[in-house]
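# Fold and geometry: a report
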Amino acid sequence: MTHFTLIDWIIFIVYAVVITTLGLWVSRTKKGVDKTTKDYFLANRSLTWWAIGASLIAANISAEHFIAQSGSGYAIGMAVACYEWVAAAVLLIVAKFFLPVFLRTGIYTMPQFLNQRYDRRVSTSLSVFWLLMYVFVNLTSVSYLGALALEKVLGIPLMYGIVGLSFFSALYSLYGGLKAVAWTDVIQVIFLFGGGLVTTILALNAVGDGHGVLAGFVRIFEEAPQHFHMIIEKGKYFVPDGTGGAEKDAFLDLPGVAVIFGSMWLTNTCFWGFNQYIIQRGLAAKSVREAQYGLAFAGFLKLLVPLLVVIPGICALVLRADIGKSDEAYPWLLNNIVPAGVTGLAFAALVAAVVSSLSSIINSASTIFTMDIYKVYIKPDAGDKQLVAVGRIVAFVALAVATLIAPQFASLDQVYPVIQEYTGFIYPGVFLIFFLGMFWRKATSGAALWTALLTLPVAFLFKFLIPDMPFIVRIGYVFIILTVVFVGLSLADTGKMADAPIADAEHNRRKSRLGYIIIAVSAIVGVITTFLLKPFAAFAPDSIYCLVVAFALLGVVMITDARSAKADHKAINIEPGLFRTNLPFNIIAIAIFGLLGFLYFVFR
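Residues numbered from 1 in each chain as written. Predicted model: local features only at pLDDT ≥ 70, side-chain atom pairs only at ≥ 80, totals over all residues. Heavy atoms only, no water.

Here we take up the overall build of the protein. The helix and strand inventory of the protein stands at 23 helices and 4 strands. Compactness check: the protein gives a C-alpha radius of gyration of 24 Å against a globular reference of 25 Å for 604 residues, within 12% of the reference. Counting only C-alpha atoms and orienting by the principal axes, one finds that the protein spans roughly 70 × 70 × 45 Å. Of all 604 residues assigned to the protein, the portion counted as buried reaches 60%. Sequence separation of at least 24 residues holds for 85% of the intrachain contacts in the protein that already meet a minimum separation of 6. A total accessible area of about 22,700 Å² is found for the protein, and carbon and sulfur atoms account for 69% of it. (Helix = DSSP H or I, 4+ residues; strand = E, 2+ residues; numbered from the N terminus. Rg over C-alpha atoms; globule rule 2.2 N^0.38 Å. Buried < 20%, exposed > 50% of the residue type's maximum accessible area, 1.4 Å probe, protein only. Contact = heavy atoms within 4.5 Å. Areas by Shrake-Rupley, 256 points an atom, 1.4 Å probe, with all protein chains shown as cover.)

Written out as structure tokens, the structure is:
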């Protein structure tokens, strides 16, 4: 039973009006002036660092977090926070090494970069991958989880909730494009963090029997100690699987050391570095410096996200929440511990998370289809006015398809692991194609194409042959296989190699020497890991092979680039100075890595 009162409705309606009005206002154009593609898809490259950081977090944090990650907090605990904390570090890596390369090319979309570096076949393959994932995984899951909250808090039927959220997100995003999305996200993130923090404080106070936040923390530590470990041992902890009371091993979702040393780094790098609806904010920055500060700001905010979503889930567990599935934990808190008046603010935060993510995803889906498929294959001579119109139509169609599919998620106990698993199907191939395309001069279009084509078949083959393997570990093995394919095909393909004289012999000698050291250290770690496979099998030590191969790959890239006078004819020449960052960014980076070290030490 909801206790949504008149004051709650007023707060929520004010929020909705403010967001819609702001979105339409910032995206307005002068009378008689049509929007350009640069304005609609990249906000006219005008975003400041604080707008970029806020928009990144608002785009990322959605019902996946407030509902699904809170549900995983209820079922599993702090171990699920690894997704947020690894992301904080990855954002700094993306800011320093990836964004400068992308911004130098002047691209609108990530597939455009692939076309410049490889060819149209590779860019089209990845365009299709992203579109399928956006529509059938991201949009559908966010719509469902937001509607689940509407159902549990307000009693709105699930399908009506899905349609309502889709309509709300479309109100301003379809008209205004990225500018409307990004600037409304600044307001959304205030509601998101403000309302989320209020809910956390009230939940902890309720757990502490009214004696405050610290008393609440002490109690959840005492009553749910198993929920405060990052490393989950196989066979020690079981959670509901959503099929009516049956249980599954929590190890399958968060296996042992894989959450620290496994493919978690690879998937986060793909999400934050090569994912259109995320990196699009960086591409719309005023400058490289603004983009880097924006990502660093987002990295700091990511450290705080578990406080907003995971801790409330654990509180619901300690409070003995009367729920049917784990993903109902957060709505239960809104209904039972958040007082009238505050419920409207907390609910606005939840809806802000949903709507901002929906708006971001549909904008990026329309950008990719319009710029990489329609303009390339259907009407190359289309003008700005027609391209913007097509973008709006595609956004509407994507929302409509997702709305029809979203109810299928209702049978799941925890949606968050499912989202991570199915998006993880494409990440190994995507990582290799982008990373090697940027940094390896010998990477060829043929190798990239075969890697793209093999990514899904290899992933599904592993899932079919070894269904009991945790998906985080499986992603690592798929990555290893695709690495061999990509490197082998690139080295074998010498048909389109061009002369690439070595300009600085001493620099390349140092680079080659460092490459050999990296490979040697990787080999040693790999050997040690092999000896640990049996005695520590319950902690998934084989997940470490993913990082071993990744670093060995880096060594191969450094050695071959330094020692060879031949390179692919589309290889990118990167000046070392491109990656220099200033003192403020470096101080922020050191602070974030220091906080991460502290957090992992506390919740080891």
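Before going further, it helps to spend a moment on the side chain of Thr529. Tracing the sequence through the fold places Thr529 in helix α21 (residues 505-532). Apart from the residues lying within four places of it in its own chain, the contact partners of Thr529 are Pro541, Ile544 and Tyr545.

Looking now at the packing of helix α9 (residues 213-223) against helix α13 (residues 288-318). Relative orientation of the contacting elements α9 and α13 amounts to 65 degrees, with a least axis distance of 10 Å. Of the two elements, α9 crosses α13, and the hand of that crossing is left-handed. Each of Phe217, Arg219, Ile220 and Glu223 in α9 lies in contact with α13, whose residues at this interface are Leu307, Ile311, Ile314, Cys315 and Val318. The class makeup of the residues in the contact of α9 with α13 is 7 nonpolar, no polar and 2 charged. (Axes fitted to C-alpha atoms, helices over the stretch in contact; angles between N-to-C directions. Left-handed = near helix turned anticlockwise from the far one by under 90°. Nonpolar A, V, L, I, M, F, W, Y, C, P; charged D, E, K, R; others polar.)

Attention shifts here to helix α23 (residues 583-602). Taking 1.5 Å per residue, 20 residues should reach 28 Å; α23 reaches 29 Å between its end C-alpha atoms and fits that length. In this fold, the buried residues of α23 make contact with α5 (82-105), α10 (258-261) and α13. Where α23 begins, the capping side chain belongs to Asn582, and its oxygen is found 3.3 Å from the backbone nitrogen of Phe585. (Expected span 1.5 Å × (residues − 1). Polar contact = N/O pair within 3.5 Å; in protein donor to acceptor, adjacent residues only side chain to side chain.)

Residues Leu6, Ile7, Ile10, Val14 and Val18 make up a contiguous nonpolar surface patch of about 440 Å² in total accessible area. Relative to the assigned elements, Ile10 resides in helix α1 (residues 6-26). Residue class for Ile10 comes out partly exposed when judged on its relative accessible area of 42%. (Patch = residues over 30% accessible without salt bridge, like charges linked within 9 Å, V, L, I, M, F, W, Y side chains within 5 Å. Salt bridge = Lys/Arg side-chain N within 4 Å of Asp/Glu carboxyl O.)

As a rule of thumb, soluble globular proteins bury nonpolar side chains together. Formed by 193 residues in total, the largest nonpolar core has its most connected members in Tyr15, Met78, Trp85, Phe102, Leu254, Phe274 and Phe486. If you tally residues by element for this core, the top one is helix α7 (residues 120-154), at 19 residues. Not counting chain neighbours up to four residues away, the residues in contact with Met78 comprise Trp85, His227, Phe228, Met230, Pro306, Val310, Ile311, Ile314 and Phe603. By size, the runner-up hydrophobic cluster in this structure holds 7 residues, among which are Met371, Tyr374, Val390 and Val394. (Core = buried A, V, L, I, M, F, W, Y, C linked by side-chain atoms within 4.5 Å.)

Turning our attention to the packing of α5 against α13. Axis separation between α5 and α13 bottoms out at 8 Å; the angle between their running directions is 170 degrees. As judged from the angle between their axes, α5 and α13 are roughly antiparallel. Of the residues in α13, those touching α5 at Glu84, Trp85, Ala87, Ala88, Leu91, Leu92, Val94, Ala95, Lys96, Leu99, Pro100 and Leu103 are Val288, Ala291, Gln292, Leu295, Ala296, Ala298, Gly299, Lys302, Leu303, Val305 and Pro306. Along the lines of polarity and charge, the residues of the contact of α5 with α13 split into 18 nonpolar, 2 polar and 3 charged. (Parallel < 35°, antiparallel > 145°, perpendicular 65-115°, else oblique.)

Before going further, it helps to examine the packing of aromatic side chains. In the structure shown here, the tally under the stated rule is 21 aromatic pairs. With centroids separated by 6.0 Å and ring planes inclined at 20 degrees, the aromatic side chains of Trp130 and Tyr134 adopt a geometry described as stacked. Residue Trp130 and its partner Tyr134 are located together in helix α7, separated by 4 residues, close to a single helical turn. Judged on exposure class, the residue Trp130 and its partner Tyr134 are both buried. Between the aromatic rings of Phe271 and Trp272, the centroid separation amounts to 5.1 Å while the plane-to-plane angle is 80 degrees, which identifies the pairing as edge-to-face. Taken individually, Phe271 and Trp272 each receive the classification buried, so the pair is uniform in this respect. (Phe/Tyr/Trp six-rings, centres within 6.5 Å; stacked < 30°, edge-to-face > 60°.)

Take α5 next. For α5, spanning 24 residues, the distance from its first C-alpha to its last is 33 Å, which sits close to the expected 34 Å at 1.5 Å a residue. Of all the bends in α5, the greatest, near 45 degrees, is centred on Phe98, and the proline Pro100 appears no more than four residues after it. Where burial is concerned, most of α5 is hidden: 19 out of the 24 residues are buried. Downstream of α5 by a residue or two, Gly106 has a phi angle that is positive, lying close to 70 degrees. (Bend = angle between axes of the 7 residues up to and from the residue.)

This structure, assessed with the given rule, holds 9 salt bridges. As a salt-bridge pair, Glu84 and Lys302 come within 2.3 Å of each other at their nearest N and O atoms. In this pair, Glu84 sits in helix α5 while Lys302 sits in helix α13, placing the two residues 218 residues apart along the sequence. Across the pair, Lys302 and Glu84 agree in class, each one buried. Salt bridges linked by common partners bring Asp209, Arg219, Glu223 and Arg320 together as one network.

Before going further, it helps to examine the side chain of Ser123. Here Ser123 shows up in helix α7. Given a relative accessible area of 1%, Ser123 falls into the buried group. A distance of 3.0 Å separates the side chain of Ser123 from the backbone oxygen of Arg120, its partner in a polar contact. Ignoring any residue separated from it by four or fewer positions in sequence, one finds Ser123 in contact with Pro111, Leu114 and Asn115.

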